[in-house]
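Structural overview
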Protein chains: 6
Amino acid sequence: MRHNNRQPDQLRDVCFTMGYARHAEGSCLVQFGDTHVLCTASFESKVPPFLKGKGTGWVTAEYGMLPRSTHDRMDREAAKGKQSGRTQEIQRLIGRSLRAIIDTSLMGETQIKLDCDVLQADGGTRTAAITGSYLALHQAVNWAMTNGKLAKNPLREAVAAISCGVVNGTAYLDLDYNEDSTADADANFVMTQSGLLVEVQATAEGSTFDRSKFDALMKLADEGIQQLIAKQQDALLQMKAAA
Amino acid sequence: MRHNNRQPDQLRDVCFTMGYARHAEGSCLVQFGDTHVLCTASFESKVPPFLKGKGTGWVTAEYGMLPRSTHDRMDREAAKGKQSGRTQEIQRLIGRSLRAIIDTSLMGETQIKLDCDVLQADGGTRTAAITGSYLALHQAVNWAMTNGKLAKNPLREAVAAISCGVVNGTAYLDLDYNEDSTADADANFVMTQSGLLVEVQATAEGSTFDRSKFDALMKLADEGIQQLIAKQQDALLQMKAAA
Amino acid sequence: MRHNNRQPDQLRDVCFTMGYARHAEGSCLVQFGDTHVLCTASFESKVPPFLKGKGTGWVTAEYGMLPRSTHDRMDREAAKGKQSGRTQEIQRLIGRSLRAIIDTSLMGETQIKLDCDVLQADGGTRTAAITGSYLALHQAVNWAMTNGKLAKNPLREAVAAISCGVVNGTAYLDLDYNEDSTADADANFVMTQSGLLVEVQATAEGSTFDRSKFDALMKLADEGIQQLIAKQQDALLQMKAAA
Amino acid sequence: MRHNNRQPDQLRDVCFTMGYARHAEGSCLVQFGDTHVLCTASFESKVPPFLKGKGTGWVTAEYGMLPRSTHDRMDREAAKGKQSGRTQEIQRLIGRSLRAIIDTSLMGETQIKLDCDVLQADGGTRTAAITGSYLALHQAVNWAMTNGKLAKNPLREAVAAISCGVVNGTAYLDLDYNEDSTADADANFVMTQSGLLVEVQATAEGSTFDRSKFDALMKLADEGIQQLIAKQQDALLQMKAAA
Amino acid sequence: MRHNNRQPDQLRDVCFTMGYARHAEGSCLVQFGDTHVLCTASFESKVPPFLKGKGTGWVTAEYGMLPRSTHDRMDREAAKGKQSGRTQEIQRLIGRSLRAIIDTSLMGETQIKLDCDVLQADGGTRTAAITGSYLALHQAVNWAMTNGKLAKNPLREAVAAISCGVVNGTAYLDLDYNEDSTADADANFVMTQSGLLVEVQATAEGSTFDRSKFDALMKLADEGIQQLIAKQQDALLQMKAAA
Amino acid sequence: MRHNNRQPDQLRDVCFTMGYARHAEGSCLVQFGDTHVLCTASFESKVPPFLKGKGTGWVTAEYGMLPRSTHDRMDREAAKGKQSGRTQEIQRLIGRSLRAIIDTSLMGETQIKLDCDVLQADGGTRTAAITGSYLALHQAVNWAMTNGKLAKNPLREAVAAISCGVVNGTAYLDLDYNEDSTADADANFVMTQSGLLVEVQATAEGSTFDRSKFDALMKLADEGIQQLIAKQQDALLQMKAAA
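Computed from a predicted structure; not experimentally measured.

**Things to note about the overall build of chain A**
When helices and strands are tallied, chain A shows five helices and nine strands. Along the chain direction, N to C, the helices and strands of chain A fall in the order β-β-β-β-α-α-β-α-β-β-α-β-β-α. Its C-alpha atoms give chain A a radius of gyration of 18 Å, near enough to 18 Å, the size a compact globule of 243 residues would have. Taken along its principal axes, the extent of the C-alpha atoms in chain A is 55 × 40 × 35 Å. Each of the 243 residues in chain A was classed as buried or not, and the buried ones make up 61%. Within chain A, counting contacts between residues at least 6 apart in sequence, those at least 24 apart form 71% of the total.

**Things to note about the arrangement of the chains**
At their nearest point, the C-alpha atoms of chain C and chain D are still 12 Å apart, with no contact between the two. The smallest C-alpha distance separating chain B from chain E is 12 Å, and no contact links them.

**Some details on the relation of the copies chain A and chain D**
Mapping chain A onto chain D is achieved by rotating through 180° and translating by 0.0 Å along the same axis, at an RMSD of 0.0 Å. Taken together, these values place the two copies in the relation of a two-fold axis. Of every C-alpha in chain A, the one belonging to A:Gln201 sits nearest the axis of rotation, 2.3 Å from it. With an isologous cut-off of 70% or more, the 100% of interface residues of chain A that recur at the interface of chain D puts this contact in the isologous class.

**As for the side chain of E:Thr70**
Secondary-structure assignment places E:Thr70 in the loop between strand 4 (58-65) and helix 1 (77-80). The exposure class assigned to E:Thr70 is buried, which follows from its relative accessible area of 15%. There is a polar contact of 2.7 Å between the side chain of E:Thr70 and the backbone oxygen of E:Asp72. Discounting chain neighbours no more than four positions away, the residues touching E:Thr70 are D:His23, E:Met65 and E:Ala121.

**Re helix 3 (residues 125-146) of chain B**
All names here are of chain B. Relative to the 32 Å expected for 22 residues at 1.5 Å per residue, helix 3 spans 31 Å between its end C-alpha atoms, a close match to the ideal helical length. Counting buried positions along helix 3 gives 18 out of 22 residues, so the element sits mostly inside the fold. Of the residues one or two after helix 3, Gly 148 is the one with positive phi, at around 70°.

**Section: the packing of helix 2 (residues 85-99) of chain E against helix 2 (residues 85-99) of chain F**
At a minimum axis separation of 9 Å, helix 2 of chain E and helix 2 of chain F run at an interaxial angle of 110°. Considered as vectors, helix 2 of chain E and helix 2 of chain F are oriented roughly perpendicular to each other. In this structure, the crossing between helix 2 of chain E and helix 2 of chain F has a hand that is left-handed. Counting all contacts with helix 2 of chain E, which are made through E:Gly85, E:Arg86, E:Gln88, E:Glu89, E:Arg92 and E:Arg96, the residues of helix 2 of chain F involved are F:Gly85, F:Arg86, F:Gln88, F:Glu89, F:Arg92 and F:Arg96. Across the contact of helix 2 of chain E with helix 2 of chain F, the residue classes tally to no nonpolar, four polar and eight charged.

**Overview of the packing of aromatic side chains**
Considering all chains together, one arrives at 27 aromatic pairs over all chains under this definition. When the ring of C:Phe209 is compared with that of C:Phe214, the centres are 6.5 Å apart and the planes differ by 25°; the resulting orientation is stacked. One aromatic cluster in this structure is built from A:Phe189, A:Phe209, A:Phe214, D:Phe189, D:Phe209 and D:Phe214.

**Focus on the interface of chain A and chain D**
Contact residues are listed per partner, giving 32 residues for chain A and 32 residues for chain D. Interface area for chain A against chain D, summed over the two sides, is near 2700 Å², with a carbon-plus-sulfur share of 47%. For the pair chain A and chain D, the number of links is four salt bridges. A salt bridge links A:Arg211 to D:Asp215; the nearest nitrogen and oxygen atoms lie 3.1 Å apart. Remark: the boundary between chain A and chain D carries 16 residue pairs in polar contact (both at pLDDT 80 or more). Sorting the residues of the side of chain A that touches chain D by element identifies helix 2 (85-99), strand 9 (197-203) and helix 5 (211-242) of chain A as the ones contributing at least two each. Its residues assigned to classes, the side of chain A that touches chain D comprises 11 nonpolar, 10 polar and 11 charged. As paired strands, strand 9 of chain A and strand 9 (residues 197-203) of chain D are joined by five bridges and run antiparallel to one another. Paired with A:Ala202 across the bridge in strand 9 of chain D is D:Val200.

**Let's talk about the confidence of the model for chain A**
Per-residue confidence for chain A averages 96 on the pLDDT scale, and 100% of its residues sit at or above 70. Note on the complex model: pTM 0.93, ipTM 0.95.

**Comments concerning the sheet that holds strand 3 (residues 35-44) of chain A**
Residues and elements named next belong to chain A. Overall, mixed pairing links the five strands, which are arranged 1-2-3-5-4 in an open sheet. Each end of this open sheet is capped by a strand with a single partner; those strands are strand 1 (14-18) and strand 4 (58-65). Each strand axis lies, on average, 20° off the axis of its neighbour in the sheet, ignoring direction. In terms of strand pairing, strand 4 meets strand 5 (residues 111-120) through eight bridges, oriented parallel. Across the sheet, Gly 64 pairs through a bridge with Asp 117, a residue of strand 5. Relative to the sheet, helix 3 (residues 125-146) contacts strand 1, strand 2 (26-32), strand 3, strand 4 and strand 5, its axis offset from that of strand 3 by approximately 35°. Lying over the sheet, helix 5 contacts strand 1 and strand 2, oriented at roughly 30° with respect to strand 1.

**A short note on the pairing of strand 9 of chain D**
All names here are of chain D. For strand 9, the tally of buried residues reaches seven of seven residues, placing the bulk of the element in the interior. Sheet topology note: the strand 8 (residues 185-192)/strand 9 ladder contains six bridges and is antiparallel. Following the sheet pairing, Ala 187 is matched in strand 9 by Ala 202. Between the end of strand 8 and the start of strand 9, which pair antiparallel, lie four residues, with Gly 195 showing a positive phi angle near 85°.

Calculation rules
- Per chain, residues are indexed from 1 in the order of the written sequence.
- Labels follow written order: the first chain is A, the first ligand is 1, and so on.
- For this predicted model, a pLDDT threshold of at least 70 governs which residues receive local features, and a threshold of 80 or more governs which side-chain atom pairs are given and counted, while totals over whole chains, interfaces and linings are taken from all residues.
- Side-chain metrics in this entry use all non-hydrogen atoms of the structure; hydrogen atoms and water are not considered.
- Helix and strand definitions here come from DSSP, where helices need a minimum of 4 consecutive H or I residues and strands a minimum of 2 consecutive E residues; each element is numbered from the N-terminal end.
- Atoms counted for the radius of gyration: C-alpha only. Globule rule: 2.2 Å times residue count to the power 0.38.
- Throughout this description, buried means an accessible area under 20% of the type-specific maximum (1.4 Å probe, protein chains only), exposed means over 50%, and partly exposed covers the range between.
- Throughout, a residue-residue contact means that at least one pair of heavy atoms, one from each residue, lies within 4.5 Å.
- To line up the copies, we fit them by least squares on C-alpha atoms, keeping just the residues with pLDDT of at least 70 in both.
- We define a polar contact as two N or O atoms separated by no more than 3.5 Å, with the added condition that, inside protein, one atom must be a possible hydrogen donor and the other a possible acceptor, whereas residues neighbouring each other in sequence contribute only through side-chain atom pairs.
- Working rule for helices: expected span equals 1.5 Å times residues minus one.
- Each axis is a line fitted through C-alpha atoms, and for a helix only the stretch in contact is used; angles between axes span 0 to 180 degrees, taken between their N-to-C directions.
- Should an angle lie under 35 degrees it is considered roughly parallel, over 145 roughly antiparallel, and from 65 to 115 roughly perpendicular; all remaining angles are considered oblique.
- For any helix crossing, the convention is left-handed if the near helix is rotated counterclockwise from the far helix by under a right angle, and right-handed if that rotation is clockwise.
- Gly counts as polar in this scheme, as do all residues outside two lists: the nonpolar Ala, Val, Leu, Ile, Met, Phe, Trp, Tyr, Cys and Pro, and the charged Asp, Glu, Lys and Arg.
- Here the aromatic set is Phe, Tyr and Trp, taking the six-membered ring for Trp, and pairing holds for ring centres within 6.5 Å; pairs whose planes are under 30 degrees apart are stacked, those over 60 apart are edge-to-face, and all others are tilted.
- Summed over both partners, buried area is the accessible surface (1.4 Å probe) that two parts give up on being assembled.
- What counts as a salt bridge is simple: a side-chain nitrogen of Lys or Arg found within 4 Å of a carboxyl oxygen of Asp or Glu.
- Any two strands are treated as partners once DSSP identifies two or more bridges connecting them.
- In predicted models, pLDDT denotes the confidence assigned by the predictor to each residue on a 0 to 100 scale.

Next up, the structure:
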């Protein structure tokens, strides 16, 4: 039994609060149990320099943690004057994951920037950020179409992400911090609504794992992500109903 | 009449959510209307180098804004690699304000760090941050006494802060962003429960103001801060009752 | 009696050396006793990016201290790779103070940059810098009008600044370093020739002060600043006479 | 047929030059076709601060590219003043990969730093770097045992890495730059001599891939890595024979 | 006798490998004994901002050392976030030396950037870098003329550089690291094929030297540089023959 | 004839103001015509980390220019966040020059830091800085001996420096900015009271020079430096007389 009384294949309670940030074109506060990430999507009518004049758009992401989102206070990256390697790795992952399900050639020369800020951390912040960012992006795309900034909907399908890992020899879905810090191996999967893979990252810090363990993790992730995508669709329906 | 239908001497709706951040020794989400600031207090059993061996404690603060807390997205300071002059000015002000009401000589060699992160901005973020930080600090001090980290309560009294300004010739309390950006002069006051002054900052960007206007601002602030301090006391009583 | 034999309301010896820096369009070495600040004004026929195309001008300031301007050597900010929060706070104050008395809409798209470099420090460097910068700015404006760079004089009136503080319960004008470091509260006032306020900053590091003390400080400052402005006018007359 | 006349499951010519760097405790110039990476291992009798006093060792890595290792010149990271997100991601991967096959508890408080510098790039620099770093690490471990710096051999087994990807719908092993830049999906696998997984990273920039494609890539990688490990063993035997 | 069995006026074995870097327009791996520097020349059809619109070209250089090119590992400058004063001094010297023998007015608005990266260091890296850079520059100029990027050959003549120094009272040519670190004085000379001086730098760390010693060093350098220039010509002839 | 009416071998008016900076252990404002440099010497009872425990002392230097010391305003290095290559080159040169004439083994574990800040620039700032720094250093050494911080005088002899260059084919001593910017070649020489060489730096930006020109420059420098050293001795005598 897991220390948190969850089944091996059980997600934490997941909650999406759409439109959490008043100023952003799209936003979602995503909660996977005690992991809380505020995702905002900012629409801009210009592209980064490397795309200027190419007639195509861009989606990118930035990630940060509030200093006391963690059990022990972390130094503030703005005060240290640089983002850690971990931060950069995560924000690159979020950006790639979202670019996988949007057709940037339909965006014209516009850009959507996702900001994912961790208000509280308990494991799985990067996968919560991807899952919430899809909703913020969706809302920003709707805003842009309603306001005549985008002619067509460039979104192809939904995307979500989940972590899983091997803890004491058993494969668990959606690790919390306690599980994550004692896992022999952990993995992050990003998949689409239609079940396609976007990113697979499995790592064994100071250790190794065999093929059967990897397959067990992928199976857990596949099922978990389909549940997350169903919850995303619910959140979008409710927002539409409320409008 | 003000554009937001408030009286000249009327505060926005003020709300304190104590214990918002699960991991911090003290925390408070403070809301002054649409200005939302998360204040956390982190207790540490060590002091900065310049105090090592002096037997006294320290209180300090850091401040940040989420990139899309503002109407238009701001660049992320961690990505730019430095904190702006404005950020540094504000965090220095918050730290000084709290050190005014705590007897650091009663803290032993311990430190409390306040992190004030603006989730949403609509004017008055620095004064909301000071007002909420007092509550986070109070909770952290209680935690430290309960856990044997502090022998005596070093807090002398409560502190709160408010902005006010001259808009179209009239003195208004608690400016929102719209008022702040059109003010001829604006001021921030930090005062204690017993009515003493901690900080006075009045400035007229590209303009000037006379002594009578300044006196009107100070009068508004004095009344507003006493209301804020009453609300702080309520929040502390409710938290105690809930414990 | 003050340790320096001054009356509570007595300024230090004040001296302005106009045109100290050969290359600058305006310059003044200002001395408040042992505090010596070199202020230069550099005229540029372009504005910062945020004003491009708006037809209006700008005045801004930078501040620095030579490493051994102080009693103990300070680290060189250029070598450390960043300006301290204190430095940024001061240079923002100087810029705002001068923009209060110049009509930037009369400047066309031109900019005047004030550089205030402390050659020797004995308290009150920021107020000396503001007071001297007005003279450097005045000289640069004259240069620009003489050389056809400005069509009209954009200066509205003179501005000067002084510090004061409460030392052992008594309000003193124009604190030197010794007084400043033992003050219970200290304040900086920036006022114009016509007696209007530009900036008020009063602070009580680790302490508080009451309203009557604040009023006493403001009264001292008001009188001190009028004396400084008279000395500024003398310096300008002498420079004109010498031309 | 591949543009380089290789079979889908065919590695490029692989060459290891052991002891390439005269001063390092271990070194290897690794060549995967036109990708050339110099790997050096530096032995140090101290550990990073977070391990001080814990009686255990550490292995870490840094990665860089010479400015003109690439087709178009890249800016020098030392001149820009920071390492890119990509650089940090790669050096973190190299470090984790090597820590997977070394028992740091047998190292005492010593550290081995791998420096992987790309002299010429034609795709697959990170996997070449891991594969070559194992050899540099092996040589440095031998040096340390011979010189009494390590009592026991902490290496558990060999490790190697390879990239593969889907190009025009076909899975290819060991992509060169031309293939990599047109791949629909690409993956990096790190495995040990005994066939265990250390890291799996599969990504589809702006696209997606299905499970069967992923399985095909893993199969290619498994076979390719066993060939690389055989070549590593040859290189070690030849070095031993030459000694 | 020198510890390396060389005569006082004897160069180390010098070897130039032309075209070492596949992607660069010009490249040379230069070896002065155990000092190995990879020099690449990158041709660009644009000039730095300060030359835009002036119709003239530019040649500049950057220098770096691999972390384990030295006996003890040096920190990586990209990781530290800045180039040392020594690095900047050397790259400025290399750039000036090459600009002395090229007529930038014949280059149109094009630029050639030399990158000099030390793979292995044993003294004299800056002089090896200058000597090798000339060959990389020569090859890049030929490439540019062949490819219609330059209409005329802007090179005036060859340039080379050598170090020399006073060790235990005797003047030696081409110091290795062992000699350099015990020298009383050392000097670097840059001269052209026609015997003209480009740069003279002589320094006595913590010591002094007299005029006769300086003259002895210059004489050694003059002879050494003429030998280097002869070897450069050989390398160019062989490359031409091989084409 | 030179544009400034000086003879080819004629120095500018040279003036040393000893004790210019009130707080420093040694200080000198040095003026070579319109080039004004403030040199301060700060005595510290500790050494940099690389010398800790070695029983020997250190002398080092930092250099800076006020933003408007130059004809056109330069960006402030503290604001840009880094010192230029030129700045670092110059401060390394000043430090080496002074270490040449002080026996650091007689200093115990103490350090003297020279700060050379250019108040006004008209060519030759680095040589003025070295010449003035010797006087500041001398004064600081006296202070340290008087105050029991140094047991023995570690100074061996005086040192001074001068620039010279070839302008329109003629060798001139002590170039001003106008001459320096049109020189075909320019050189800086650092020599001691006894006529020994400390540093020789000759450079021909975009050009070359022959041996006879170099000899002419060295001859001019030799004579000029002996005049400077005589003036240094005068300044020291006057200071002693005044004490």
